[in-house]
Amino acid sequence: MSAEPIRGVEDDWAGFAPAPVGTARERLEALGFRFTADIEVPEPEPLLLDRLAPGAAELTILFGAGGSRKGTLVAHWIARLTNEDQLRVAILDYEGHAEREWVARLRSLAADESRILIAEPRKLAATRGGIWDAAPAVARPLADWGVDLVVVDSIQHASMGRTVEPDTPTLFQDAAIAFGVPMLAIAHVNRAGDLRYPFGSIHWDTTARATWSLARLPDNASRLVNRKHQQGDLLGSFAVTYDYDPVSRLPIAVSDRTAAIMTVGQHVHEVLAAWEGEAPTTAELIEVVQERAPDLKPAAID
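It should be emphasised that the depicted structure is a prediction, and the values quoted were computed from it without experimental measurement.

Student: Would you mind showing me how to read the sheet that holds strand β2 (residues 89-93) here?
Tutor: The strands making up a sheet associate through backbone hydrogen bonding, with each pair oriented either parallel or antiparallel. Spatially, β3-β2-β4-β5-β1-β6-β7-β8-β9 is the arrangement adopted by the nine strands of the open sheet, whose pairing is mixed. A strand with exactly one partner marks an edge of an open sheet, and here the two such strands are β3 (116-119) and β9 (251-259). Geometrically, the sheet is characterised by an average inter-axis angle of 20° between neighbouring strands, direction not taken into account. In terms of strand pairing, strand β1 (residues 59-64) meets strand β6 (residues 210-217) through five bridges, oriented parallel. Its bridge partner being in β6, Thr-60 is matched across the sheet by Ala-210.

Written out as structure tokens, the structure is:
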């Protein structure tokens, strides 16, 4: 049997694909490549309400333990956005609390309900599954309606409980891209109560453009802390106060504008709550607290 001649790379390629058509630049542009010199850099947009990433498909995550009043704060934000900015908001309520919680809170806070749509995706066959499964069916009609912001309650349920799987943040981000408008998603903390990252995961942190933690305080209050903000310096921490109707116990007013300075004790509490393994030494505790709050002096921490 005669040996076959050794073929070059060009011969190998030619056997599987037709000869290239067009210039190298045309072929690269067809694959999505662009010269950076041809791309205009947009002016930075201000955060929505000084809280939410404003760009198309940009994700903001508000996270905290159960009972930290995340839903009430988001309802307050929606009320402001619909009244002050006339934005249209779509709520994907994967937890199935439309009437009992979302509508009741929004109405009590006097939101413009003509600008709010709500759906419970897990109750319909066409939108059941992860949010990345529902996005192709939901995104187009919402875009035709003119939606400005999509709110997801919550990441845990919208991801079918797969929050610890390494590919889930990317799949969730794909869904945000499909909607093509800013997205605000509610999330939870891990079992240790780590308030640095959603679910205690750096993977979820890197997926978002902005993250905020919310921790419950006594006397109808919470502490809101900006954990990530990609347009500049972190925005700090804020005291959130709530006024409730004495009969219905529904919120009638929310304030989240007062700056709140975290005490050394609060920093230490959060570090200890998130610490894994044996308790840290004093030196280790001081080091971590100073990383979180560089302005604190070691003597104050001691």
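Student: I would appreciate a short explanation of the nonpolar core in the present structure.
Tutor: Looking at soluble globular proteins, one finds that nonpolar side chains tend to be buried together. Counting 32 residues, the largest nonpolar core has Ile-131, Val-152, Phe-172, Phe-179 and Met-183 as the members making the most contacts within it. For this core, the secondary structure elements donating two or more residues are β1, β2, α5 (131-145), β4 (149-153), α6 (155-158), α7 (168-179) and β5 (183-187). Considering every element that reaches this core, the biggest residue donor is α5, with seven residues. Ignoring sequence-local partners within four residues, the contact set of Val-152 consists of Leu-92, Tyr-94, Ile-131, Ala-158, Phe-172, Met-183, Leu-184, Ala-185 and Ile-186. Ranked by size, the runner-up nonpolar core spans 31 residues in total, among them Ile-91, Trp-102, Leu-106 and Ile-116.

Student: What am I meant to see in empty space enclosed by the protein here?
Tutor: One way to see where empty space is left: roll a probe the size of a water molecule over the atoms. Tallied over the entire structure, the rule returns one cavity of 30 Å³ or more. There is about 40 Å³ of room inside the largest cavity. In terms of lining residues, the largest cavity is bounded by Leu-47, Ala-53, Pro-54, Glu-58, Arg-209, Ala-210, His-229, Gln-230 and Gln-231.

Student: Looking at this structure, I do not really get the packing of aromatic side chains. What am I missing?
Tutor: For any pair of aromatic rings, geometry is given as the distance between the ring centres together with the angle between the planes. Enumeration over the complete set of coordinates arrives at four aromatic pairs. Consider the rings of Trp-212 and Phe-238, whose centres lie 6.2 Å apart with planes at 50°: the pair is tilted. With Trp-212 in strand β6 and Phe-238 in strand β8 (residues 237-244), this residue pair connects regions lying 26 residues apart in the sequence. Considered together, Trp-212 and Phe-238 belong to a single accessibility category, that of buried residues. Members of the aromatic cluster, each reached through a chain of ring pairs, are Phe-172, Phe-199 and Trp-204.

Definitions and limits used
- Residues numbered from 1 in each chain as written.
- Predicted model: local features only at pLDDT ≥ 70, side-chain atom pairs only at ≥ 80, totals over all residues.
- Heavy atoms only, no water.
- Pairing = 2+ DSSP bridges.
- Helix = DSSP H or I, 4+ residues; strand = E, 2+ residues; numbered from the N terminus.
- Axes fitted to C-alpha atoms, helices over the stretch in contact; angles between N-to-C directions.
- Core = buried A, V, L, I, M, F, W, Y, C linked by side-chain atoms within 4.5 Å.
- Buried < 20%, exposed > 50% of the residue type's maximum accessible area, 1.4 Å probe, protein only.
- Contact = heavy atoms within 4.5 Å.
- 1 Å grid on protein atoms, 1.4 Å probe; cavity = no way out; pocket = protein on both sides within 12 Å on 5 of 7 lines; lining within 4 Å.
- Points joined across faces, edges and corners; volume = space filled by probe spheres on them.
- Phe/Tyr/Trp six-rings, centres within 6.5 Å; stacked < 30°, edge-to-face > 60°.

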